[in-house]
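# Structural overview
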Amino acid sequence: MSKSSLRALSVHFLTATGAVFAMLAMLAAVQSNWPMMFVWLVVAFVVDGIDGPLARKYDVKTHAAQFDGALLDLIIDYLTYVFIPAFALFYSGQLDGWGSWTALLIITFASVIYFADTRMKTTDNSFQGFPGCWNMVVLVIFALQPPTWVSMIVIAALAVAMFLPLKFIHPTRTVRWRKLSLPMALGWTFFAAWAAWVAFDPQSWAHWGLMITSAYLLVAGILQQIIPAKG
C-alpha cells in the first residue's frame, strides 16, 4: 500500500472513531451521566472538525475510494448531532412531559429528512438551512436550563429553519469571515467542554462563553446574506 493510500485510509479510520465516541456518549447517557456524555460528544465534535480538512488534504476520494467518507460522516453526525442529544433531552427531564415528547419527534424526524437533502450545501460551502447541530443546542439548554416554553420555541424555530433558504456557516469551509468564525468555533468547543466538565455549574464563566459563541455561529451566515461581500 502506498503512503498516499495509507494516509487517506487513516483519515477514514479517524472519522470512524466518532462511532466509538458516540457509543461512549450513549453509555453515559443511559447512566444519566450528562456531563460525561457531553464530554464524549465534544470529543466527537472535535474529530468531526479535523477529519474534513485532512480528507481534502490527503484526497481520500482518490486514494481511499473504496470507502465513502461522506456517508461515513453522515452516519456518525446523525448519532452525535441528533440521536444522542435528542435522547438526552427526552430522558433527562430538562423539558416537561409534553415538551420532551414533542422535541424528540421534531428533532429526530426533521433531521433525518434534512440529512438526506442534496441541497444542504451552498456554493460557498456553507449550509442551507440549520444544519441539525442539536448537540450544540441541547448542550446550551443543559447549561442555561431555560423554561420548557423557551426551549420549545428555540427547537421549533430551528427545525423550521432547516428547510428555509437561510445560510449557516461552516466554520472551516466558509471562507468569508473565517478568521473570526474559526476562533469562535474553537471557543465554543472549549466552553462546551468546560461547562460539561464542571457539571454545568451555573456559576461557571463557561456559560457566558457558550452564549456569545453560540449566538455568533447561529447568525453569522444569515448576516452574510444581509451584508454584501466587498469586491
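Residues numbered from 1 in each chain as written. Predicted model: local features only at pLDDT ≥ 70, side-chain atom pairs only at ≥ 80, totals over all residues. Heavy atoms only, no water.

### Observations concerning the overall build of the protein chain
To keep it simple, the criterion reads: Counting from the N terminus, the helices are DSSP H or I runs at least four residues long and the strands are E runs at least two residues long. The globule rule is 2.2 Å times the number of residues to the power 0.38, and the radius of gyration it is compared with is taken over C-alpha atoms. The buried label applies to any residue whose accessible area, calculated with a 1.4 Å probe on protein chains only, is under 20% of its type's maximum; exposed applies above 50%, and partly exposed to all values in between. Note on areas: Shrake-Rupley, 1.4 Å probe, and residue coverage restricted to the protein chains presented here. None of His or the chain ends enter the tally, which takes Lys and Arg as positive and Asp and Glu as negative. Each charge is placed at NZ for Lys, CZ for Arg, CG for Asp and CD for Glu.
Secondary structure summary: the protein chain contains nine helices and two strands in total. What you see in the protein chain, going N to C, is helices and strands ordered as α-α-α-α-α-β-α-α-β-α-α. A compact globule built from 231 residues should have a C-alpha radius of gyration of about 17 Å, and the protein chain, at 18 Å, falls within 12% of that. Across its three principal axes, the protein chain shows a C-alpha extent of roughly 55 × 45 × 35 Å. The 231 residues of the protein chain split such that 45% are buried. A total accessible area of about 12,200 Å² is found for the protein chain, and carbon and sulfur atoms account for 71% of it. Taken together, the 13 basic and 10 acidic charged side chains of the protein chain have centroids lying 14 Å from each other.

### Focus on the packing of aromatic side chains
Rules: Aromatic pairs are defined between Phe, Tyr and Trp rings, using the six-membered ring for Trp, whenever the two ring centres lie within 6.5 Å; interplanar angles under 30 degrees are classed as stacked, those over 60 as edge-to-face, and all others as tilted.
A full pass over the atoms with the stated rule returns 18 aromatic pairs. With a centroid separation of 4.8 Å and an interplanar angle of 75°, the aromatic rings of Phe90 and Trp101 are classed as edge-to-face. With Phe90 in helix H4 (residues 69–91) and Trp101 in helix H5 (residues 97–115), this residue pair connects regions lying 11 residues apart in the sequence. On the basis of relative accessible area, Phe90 is assigned to the partly exposed category, the value being 26%.

### As for helix H8 (residues 178–197)
The criterion, for reference: One less than the number of residues in a helix, times 1.5 Å, gives the span that helix is expected to have. Any two residues whose heavy atoms approach within 4.5 Å at even a single point are treated as in contact.
Over its 20 residues, H8 extends 28 Å from the first C-alpha to the last, a length consistent with the 28 Å expected when each residue adds 1.5 Å. Those residues of H8 that fall on the buried side of the exposure criterion are Ser181, Met184, Ala185, Gly187, Trp188, Thr189, Ala192, Ala195 and Ala196. The inward-facing, buried residues of H8 abut helix H2 (34–57), helix H6 (134–144) and helix H9 (206–226). Remark: Ala199 follows H8 within two positions and exhibits a positive phi of approximately 55°.

### Considering a nonpolar patch on the surface
Let me state the cut-off plainly: Grouping into patches uses exposed residues only, defined as over 30% relative accessible area, and leaves out salt-bridged ones; the cut-off is 9 Å for like charges and 5 Å for nonpolar side chains (Val, Leu, Ile, Met, Phe, Trp, Tyr). Salt bridge, as used here, is a side-chain nitrogen of Lys or Arg placed within 4 Å of a carboxyl oxygen of Asp or Glu.
Together, Leu144, Phe190, Trp194, Trp197, Val198, Trp205, Trp208 and Met211 make up an exposed nonpolar region whose accessible area comes to about 940 Å². Per element, the largest residue contribution to the nonpolar patch is three residues, and it comes from H8. With respect to the helices, strands and loops of the structure, Trp197 is situated in helix H8.

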